[in-house]
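Listed below, chain by chain, are the residues.
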Amino acid sequence: NMGLHHAFNRTFKDAMIKFAALCGNDEHYQNGFDAHGLPVELRVETELGINSKKEIESYGIDKFVEKCMQTVEKYSASQTESSIRLGQWMNWDDSYYTNSDNNITSIWYFLKKCDEKGLIANSHRIMRWCTRCGTSLSDHEMSDDDAYKQDTCTAIFFKCPIKNSNNDMLVWTTTPWTLCANVAIAVNLEFDYNIVKVKSSDRNLIVCADRMSVLKDDVIEVIKTIKGSELVGLSYETCFPELPEQQFEHKIVAWDEVSADEGTGAVHIAPGCGDADFELGKKIGLPSICPIDEAGVYYNNFGVLAGKNANTDELRDFVLDLINERNKTYYTHKYTHNYPHCWRCKHPLLFRLVDQWVIKMDELRPSLIQEIDKVEFQPDFMKKRMLDWLNNMGDWAISRSRYYGVPLPIY
């Protein structure tokens, strides 16, 4: 039987169709099934006892796809039977399926038209990545309220020694797994930063004057106050200086996005692991280091981290221990925040630098916004919601790196 949410949606739509028909309108009584995508794949994985893309490939992609087709056939038949029992008006012998050759051909035609208009691009960008499913999630998929959940993690205040000085830059992060991909520390040019003599170390700490509270009772005295502009250009030692990927000069850079709302007023920058970091890196020419593969496992050239899964509590603890052993930990603490999760499998997501095929939205946005002015929205406030979505929608990622979906006709 269909789920209650399916029954509710279908009944609501059926009522609208019947109302329109009774008002004298001709109706298109064709039912449809969304027969492609990861929800189907995850159902089949559960039935087969499979839990990764590697296991799917061992099982056989052809056999796996055939199982997906059979699953669609099974559940669409069940939903059809339940819909008939609910009294829905549909031509049940002519339902369309998104996995049909006709539908795939139509999408290929659409993509060809996009290509002719120069709207298809291969984008090197940061994506929210599900290490369980081995695929990215688009901005559209993350717009649902269920996409973000309250998570409590261990955050760390850590010290980066400024070279040729007795000062350490105090930095804060909630994602210790990204420290091996650090390329810079960002400060705000306009902020005041204190050089502070502390009880816990022979070396001074540098922290934003508005964030002195993070030092708690460790302060002996403020030696000097300087502007962020005086820190820009200074070289420092990163957390994993021994890694092959880290063999370059790490410097403090300026970024007007640095705030004093939390942390230390100094931001760990890893362009290969964060979208805002990536945009800053593109702007000022920072290298981008992507440390993990599609399963969230560190690549072989990442030293003691190689082969470990970044998306685990065990890895977080391992990294925190390493930072502590290197005498770079100031202190750790529990931090609760909204964090993105995969809406399909509920696993927490990581941010990962990937190559994706996209439809460029900047060129399309003006015409899409113009078109919604021709639509009557009921209730009225839905128009503003649609407008907000269109104004903030990034490039539409269309590649998924999975097995049972519309194959991309890109050669």
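We now turn to the structure provided with this report. (Residues numbered from 1 in each chain as written. Predicted model: local features only at pLDDT ≥ 70, side-chain atom pairs only at ≥ 80, totals over all residues. Heavy atoms only, no water.)

1. Observations regarding the overall build of the protein
On a plain count of helices and strands, the protein comes out with nine helices and 16 strands. By its C-alpha atoms, the protein is 80 × 50 × 40 Å across when sized along the principal axes. For the protein, the residues scored as buried account for 45% of the 411 residues in total. Within the structure as shown, the protein displays about 22,200 Å² of accessible surface, and the carbon and sulfur contribution to it stands at 50%. With 45 positive and 60 negative side-chain charges, the protein shows a separation of 2 Å between the mean positions of the two kinds. (Helix = DSSP H or I, 4+ residues; strand = E, 2+ residues; numbered from the N terminus. Buried < 20%, exposed > 50% of the residue type's maximum accessible area, 1.4 Å probe, protein only. Areas by Shrake-Rupley, 256 points an atom, 1.4 Å probe, with all protein chains shown as cover. Lys, Arg positive; Asp, Glu negative; His and termini not counted. Charge placed at Lys NZ, Arg CZ, Asp CG, Glu CD.)

2. Considerations on a negative patch on the surface
Together, Asp313, Glu314, Asp317, Asp321 and Glu325 make up a region of like negative charge exposed at the surface. Along the chain, the position of Asp313 falls in helix H7 (residues 313-325). (Patch = residues over 30% accessible without salt bridge, like charges linked within 9 Å, V, L, I, M, F, W, Y side chains within 5 Å. Salt bridge = Lys/Arg side-chain N within 4 Å of Asp/Glu carboxyl O.)

3. Comments concerning the packing of helix H8 (residues 365-372) against helix H9 (residues 381-392)
When two helices pack together, you describe them by how their axes are tilted relative to each other and by the distance separating the axes. Orientation of H8 relative to H9, taken along the N-to-C sense of each, is 175°, at an axis distance of 10 Å. When the axis of H8 is compared with that of H9, the two are roughly antiparallel. On H9, the residues that touch Arg365, Leu368, Ile369 and Ile372 of H8 are Lys383, Met386, Leu387, Leu390, Asn391 and Asn392. Of the residues that constitute the contact of H8 with H9, the class distribution is six nonpolar, two polar and two charged. (Axes fitted to C-alpha atoms, helices over the stretch in contact; angles between N-to-C directions. Parallel < 35°, antiparallel > 145°, perpendicular 65-115°, else oblique. Contact = heavy atoms within 4.5 Å. Nonpolar A, V, L, I, M, F, W, Y, C, P; charged D, E, K, R; others polar.)

4. Concerning the pattern of salt bridges
Where charged atoms from two side chains of opposite charge come close, those side chains can pair. Tallied over the entire structure, the rule returns 17 salt bridges. A salt bridge links Lys53 to Glu294; the shortest N-O distance between them is 3.1 Å. Taken as a pair, Lys53 in helix H3 (residues 53-59) and Glu294 in the loop between helix H6 (275-284) and H7 lie far apart in primary sequence, 241 residues in all. Residue Glu294 is classed as partly exposed on the basis of its relative accessible area, which comes to 31%. The closest approach of N and O atoms between Arg203 and Asp168, which form a salt bridge, is 2.6 Å.

5. Topic: unusual backbone geometry
Most peptide bonds take the trans configuration, and most residues that are not glycine carry a negative phi. The residue after Gln378, namely Pro379, is reached through a cis peptide bond having omega -5°. Of note, Pro379 is situated in the loop between H8 and H9. A positive phi angle is found at Lys216, which is not glycine, with a value near 55°. Along the chain, Lys216 falls in the loop between strand S9 (204-208) and strand S10 (219-227). According to the relative accessible area criterion, Lys216 is exposed, its value standing at 60%.

6. Structural notes on the sheet that holds strand S16 (residues 396-397)
The sheet built from four strands is open, its strands ordered S4-S3-S15-S16 with antiparallel pairing. In the strand order of this sheet, the two ends are held by strand S4 (135-137) and S16, each with one partner. Sheet analysis places strand S15 (residues 350-359) next to S16, joined by two bridges and oriented antiparallel. Within S16, the residue paired with Ile359 across the bridge is Trp396. (Pairing = 2+ DSSP bridges.)

7. Topic: the nonpolar core
Judged by nonpolar contacts, the single largest core of 49 residues is most densely connected at Met169, Tyr193, Phe240, Tyr298 and Leu305. Examining the composition of this core, we find that five residues originate from one element, H7, more than from any other. For Phe240, the residues in contact, after removing those within four places along its chain, are Leu179, Cys180, Gln246, Leu305, Val319, Leu322, Ile323 and Arg326. Membership of the second largest hydrophobic core comes to 15 residues, among which are Cys153, Val196, Tyr331 and Tyr335. (Core = buried A, V, L, I, M, F, W, Y, C linked by side-chain atoms within 4.5 Å.)

8. Some words on the environment of Thr80
Among the secondary structure elements, Thr80 is positioned in helix H4 (residues 61-85). The class for Thr80 is buried, based on a relative accessible area of 15%. Along the backbone, Thr80 and Leu48 are 32 residues apart, and their C-alpha atoms lie at a distance of 25 Å. Ignoring sequence-local partners within four residues, the contact set of Thr80 consists of Phe33 and Trp92.

9. Comments concerning the state of the cysteines
Scanning the entire structure with this criterion turns up zero disulfides. Counting only cysteine sulfurs, Cys290 is the nearest neighbor of Cys273, a cysteine outside any disulfide, at a range of 6.4 Å. By relative accessible area, Cys273 is classed as buried at 9%. (Disulfide = S-S within 2.5 Å.)

10. Points about H6
For H6, the complete set of buried residues consists of Asp277, Phe278, Leu280 and Gly281. For H6, the buried positions fall inside an angular range of 165° around the axis, keeping them on one side. Exposed residues on H6 whose side chains face more than 90 degrees from its buried face are Lys282 and Lys283. Structurally, H6 contributes buried residues whose contacts are with strand S3 (120-130), strand S12 (250-254), strand S13 (266-269) and S15. (Arc of directions from axis to C-beta.)

11. Focus on the pairing of S12
Looking at chain direction, strand S7 (residues 184-187) and S12 are connected through four bridges and run parallel. The residue of S12 that forms the bridge with Ile185 is Ile252. For strand S11 (residues 235-236) and S12, the ladder comprises two bridges, and the chain directions are antiparallel. Its bridge partner being in S12, Ser235 is matched across the sheet by Lys251.

These results come straight from atomic positions and should not be treated as a statement about function.
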